[in-house]
Amino acid sequence: MKFTSAHPGLRLAIILLVGVLLTFIAADIALQPLRYDRVFNAGDSLTLASGETFVLEADDLIQEPGEIDKVPRLWRFYERQGKLHEALSAGRLQVAGEDLTGRRASIADLPPLFWVHVFVAFAGILISGWLWSLKSRDLAATFFAGSGAGLFISAIPAGVYTTRELALPATTFRVLEELNAIGASIFGISMIGLFLVFPRRLKSWRPLFIGLSIAFALWTFLFAMKWTPDWANVNLITSSEMLVICAVIGAQFFATRRDPVARASLTWLGVSVLLGAGGFIALNSVPLVLKKTPLNQGYAFMFFVIIYLGLAAGLTRYRLFDVGQWAFRLLYYAIGAALLILMDAALIYALGMERVSALGLSLLLIASLYLPLRDLIWRRIARRTNVEPDVLLADAMHVALAATAGERTDRWNAVLRKLFDPLELTVNATPVAETQVTDDGLTLLVPPLAGSSSLKIAYPMGGRALFDRATLNLARQLVRLVQQAELDRQAYDRGVLEERRRVAQDLHDDVGARLLTGLNTSDEKTRSTLEGALADIRSIVSGMSGETVTWERLLADTRYECTQRLDSARLELRWTAEPHAFASRVVPEALRKLVTSALRESVSNIVRHAQARKVQVTFEFRRESLHLQIEDDGRGPEAKPAGEREGFGLKSLERRVHAIGGSWSLNALNPGTRLEIRTPMPVE
């Protein structure tokens, strides 16, 4: 069975087993020197049991041999380590007249710094090994695992020799130090490979990786053999690898400019590597290159935990929609810390100021200059997603107070497009009850609102960004405002309806009753007028009370009314109307008023002015429109003098047609007149 095809848990268990085994070996090496329970200092004269005297030098106490800048000095260091270890192994010595007896070390003698190295090594190998166990065929995960192995190989040997009692065998020390350098180089090479293929595989990544790997591997080998110049040491190797990593991250930043998810993953990786590896290089490697005192390597190794947490988050695409704000905050803190250190160092070394005074002045300057500047920059960045409350409220009211459900839907979609500029805005097949971000921040799901279905908004800001915590809160705030505005509008509509019903009731009970009484006592001349008035009252009352009318009933009522009025004028009516699928469909109130008014106004004009013999009324029902045509064979419309406007009836008709998005025309025939009205048919 191949290792890569084994169960993920088994692969991770094998990795851990190897790590534990190597750690036991390292701990055994660290426990071999005898302990003398004394702190040795440079200048101490050690009188050995053989009578030989050994005076400690400052180099003998150096923890990290990387601090030694000359190869001959390094060879002398190894030689004295060997002799010193041999002398200490005798078990007895005398320092400043004090007799010391060596004892065998136990696990409790290993200092905390040793366990810091072990912790960092296992954190790296555990996180990277866990991810590689899950995605063993993924190239990025493989490079990530390689970096974890490199960190383990580098950290464990460093933990042994930096926490030694006083000396180690020369050969052992050199092997450990070379393993440390090889592990550091493997870490850098693996990171370069990772960023060459993730989030996107860069062009010509393979030859680039092979070339850089060979170059750094050869450089590391030559350094291990001590065949390189003094300045071309491991610190310069790791610093150079860091520069290449930064360059590759820059190339990935350009390559992912149109892929917000990949850009967010890169942000996780880039920020964690820049903070982690950059912190280690800045506080450990760079001071050594500049011949300054570095931070203890053991503590500097803690920066690598940041790297592995960030890398694991990026590779597993953890909370990508939040990473933008986190990244900026981390960078702000890092920049603030770096400025504080630089300012403190400048005051101490350049101006000769006391350490306490320098630190106090540095804190004061950072607090008074950098923090306000940081807040200003953050507000300018955050402004992109901040919308003033009055603007948001105006948008919500604009949506909720639209006259129709269709108009509310259109306005709601328009507001969402204005706020988020998405590439896609579609109906969500699975409605949600709460606004939420999905697909790593690519998509925002919005609950049903304003007569619209649940919506799916994807690729915000023209596909250049992700939905983040700020935009999610903005969307939720807008949804709540629209919901509240809709509730207020519905309450207002209920009040208006109640008032209209009261007025309708008064019309029916008072005016209608009086007209009915007049109808029973009227003569033939006024009877038709009163009947028309009663029909109008019934129509008005029906509309005001919210009663619904189907197309079948509306056509029957209007045909009856037209027939009555034209018969009394001895005109023939030809009626063509086949509503079919629309027969039982409810007629919107605005459309009902338009049809009724158009027929009444037209019949009145024909009876009064047209001198016609017959009238043709035609309804044509289409899936998305209604075509109403009223035609007579009379003398046609009279030519109006220049500047004279249409009468009130036609102006009222025009207003009604435009209110529902329709069009109309009045054309002269030979003989006769034709009125045509086209209106959209609302979807039921």
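Everything that follows concerns the structure shown earlier in this document.
Only a predicted model underlies this, so the values are computations on that prediction, with no experimental measurement involved.

Conventions used here
Positions within a chain are numbered from 1, following the residues in the order the chain's sequence is written. Two thresholds apply to this predicted model, a pLDDT of at least 70 for residue-level local features and 80 or more for giving and counting side-chain atom pairs, whereas whole-chain, interface and lining totals are computed over all residues. Here the side-chain values reflect all heavy atoms present in the structure, with hydrogen atoms and water set aside. Counting from the N terminus, the helices are the DSSP runs of H or I reaching at least four residues and the strands are the DSSP runs of E reaching at least two. Buried, partly exposed and exposed residues are distinguished by accessible area as a fraction of the type maximum, computed with a 1.4 Å probe on protein chains only: under 20%, between the cut-offs, and over 50%, respectively. Note on terminology: a nonpolar core comprises buried Ala, Val, Leu, Ile, Met, Phe, Trp, Tyr and Cys residues joined through side-chain atoms within 4.5 Å. We call two residues in contact when some of their heavy atoms are within 4.5 Å. The rule for pairing is simple: two strands pair if DSSP sees at least two bridges between them. Every angle, taken between N-to-C directions, lies between 0 and 180 degrees, and every axis is a line fitted to C-alpha atoms, over only the stretch in contact when it is a helix. Oblique is the label for any angle not covered by the other classes, which are roughly parallel (under 35 degrees), roughly antiparallel (over 145) and roughly perpendicular (65 to 115). Should the near helix be turned counterclockwise from the far one by less than a right angle, the crossing is left-handed, whereas a clockwise turn marks it as right-handed. A helix is expected to reach a length of 1.5 Å times the quantity of its residues less one. Centres within 6.5 Å are what make two rings of Phe, Tyr or Trp a pair, Trp counting through its six-membered ring; a difference in plane orientation under 30 degrees is then read as stacked, over 60 as edge-to-face, and the rest as tilted. Should the NZ of a Lys or the CZ of an Arg lie within 6 Å of a ring centre and within 35 degrees of the ring normal, that charge is described as sitting over the ring. Gly is placed with the polar residues, together with every amino acid not listed as nonpolar (Ala, Val, Leu, Ile, Met, Phe, Trp, Tyr, Cys and Pro) or charged (Asp, Glu, Lys and Arg). A 3.5 Å cut-off defines polar contacts: any pair of N or O atoms within that distance qualifies, except that in protein one atom must be a possible hydrogen donor and the other a possible acceptor, and neighbouring residues in sequence count only when both atoms are side-chain atoms.

Some remarks on unusual backbone geometry
Cis geometry marks the peptide bond from Phe198 to Pro199, where omega comes out at 0°. Structurally, the position occupied by Pro199 is in the loop between helix H5 (170-197) and helix H6 (205-224). That bond from Asn670 to Pro671 is cis: its omega, 5°, falls within 30 degrees of zero. With respect to the helices and strands, Pro671 occurs in the loop between strand E12 (663-668) and strand E13 (673-680). The backbone phi angle of Tyr459 is positive, close to 55°, even though this residue is not glycine. Along the chain, the position of Tyr459 falls in the loop between strand E8 (455-458) and helix H15 (460-463). Judged by relative accessible area, Tyr459 falls into the partly exposed class, the value being 32%.

Description of the nonpolar core
Met191, Phe195, Leu196, Val273, Phe301, Phe304 and Ile307 are the most contacted members of the largest nonpolar core, which has 73 residues in total. No other element matches helix H3 (residues 112-134), which puts 12 residues into this core. Sequence-distant contacts of Phe304, that is, excluding residues within four places in its chain, are made with Val120, Leu151, Phe187 and Phe280. Within the second largest apolar cluster, 32 residues are counted, among which are Trp551, Phe582, Val587 and Ile606.

Focus: the sheet that holds strand E3 (residues 92-95)
Read from one edge of the open sheet, 4 strands run E2-E1-E3-E4, paired in antiparallel fashion. Since the sheet does not close on itself, it has two edges, and those belong to strand E2 (53-55) and strand E4 (98-101), each with one partner. On average, each strand axis in the sheet is inclined to that of its neighbour by 30°, with strand direction left out of account. Both E3 and E4 contribute to a ladder of 4 bridges, which runs antiparallel. Looking across to E4, one finds that Val95 is bridged to Glu98. In the packing of helix H2 (residues 71-88) onto the sheet, contacts are made with strand E1 (45-48), E2 and E3, and the angle to E2 comes to roughly 130°.

Side note on the packing of H6 against helix H7 (residues 234-255)
Across the interface, H6 lies against H7 with an axial gap of 10 Å and an inter-helix angle of 170°. Relative to H7, the element H6 is oriented roughly antiparallel. Crossing of H6 against H7: the hand is left-handed. Residue-level contacts link Leu212, Phe216, Trp219, Thr220 and Phe223 of H6 to Val234, Leu236, Ile237, Ser240, Glu241 and Val244 of H7.

Here we look at H5
Compared with an ideal rise of 1.5 Å per residue, which puts 28 residues at 40 Å, H5 spans 41 Å between its outermost C-alpha atoms and is within 8% of the ideal. Of all 28 residues that make up H5, 20 are buried, and the element is covered over most of its length.

Considerations on the packing of aromatic side chains
Enumeration over the complete set of coordinates arrives at 14 aromatic pairs. A centroid spacing of 5.6 Å and a plane angle of 80° characterise the contact between Phe122 and Phe152, whose relative ring orientation is edge-to-face. On the criterion of sequence distance, the pair formed by Phe122 in helix H3 and Phe152 in helix H4 (residues 139-162) is long-range, its members being 30 residues apart. Taken together, the ring pairs connect Trp75, Phe77, Tyr78, Tyr161 and Phe173 into an aromatic cluster. Lying across the ring of Trp132, Arg11 places its NZ or CZ 5.8 Å from the centre.

Remarks on the environment of Glu624
Within the element layout of this structure, Glu624 appears in the loop between strand E10 (614-621) and strand E11 (625-632). Assessed through its relative accessible area of 54%, Glu624 is described here as exposed. In the structure, Glu624 is positioned 57 residues away from Met681 in sequence and 4.9 Å away in space, judged by C-alpha atoms. Those residues in contact with Glu624, other than ones at most four positions away along the chain, are Thr679, Pro680 and Met681.

Notes on the packing of H4 against H5
With their axes 7 Å apart at the nearest point, H4 and H5 run at an angle of 160° to one another. Between H4 and H5, the crossing angle belongs to the class labelled roughly antiparallel. For the crossing formed where H4 meets H5, the hand is left-handed. Classifying every residue of the contact of H4 with H5 by side-chain character gives 18 nonpolar, 8 polar and 1 charged.

Some details on the environment of Glu631
Summarising the element assignment, Glu631 is placed in strand E11. C-alpha separation for the pair Glu631 and Ile606, spaced 25 residues apart in sequence, amounts to 9.4 Å. A polar side-chain atom of Glu631 sits 3.1 Å from a polar atom in the side chain of Arg674.

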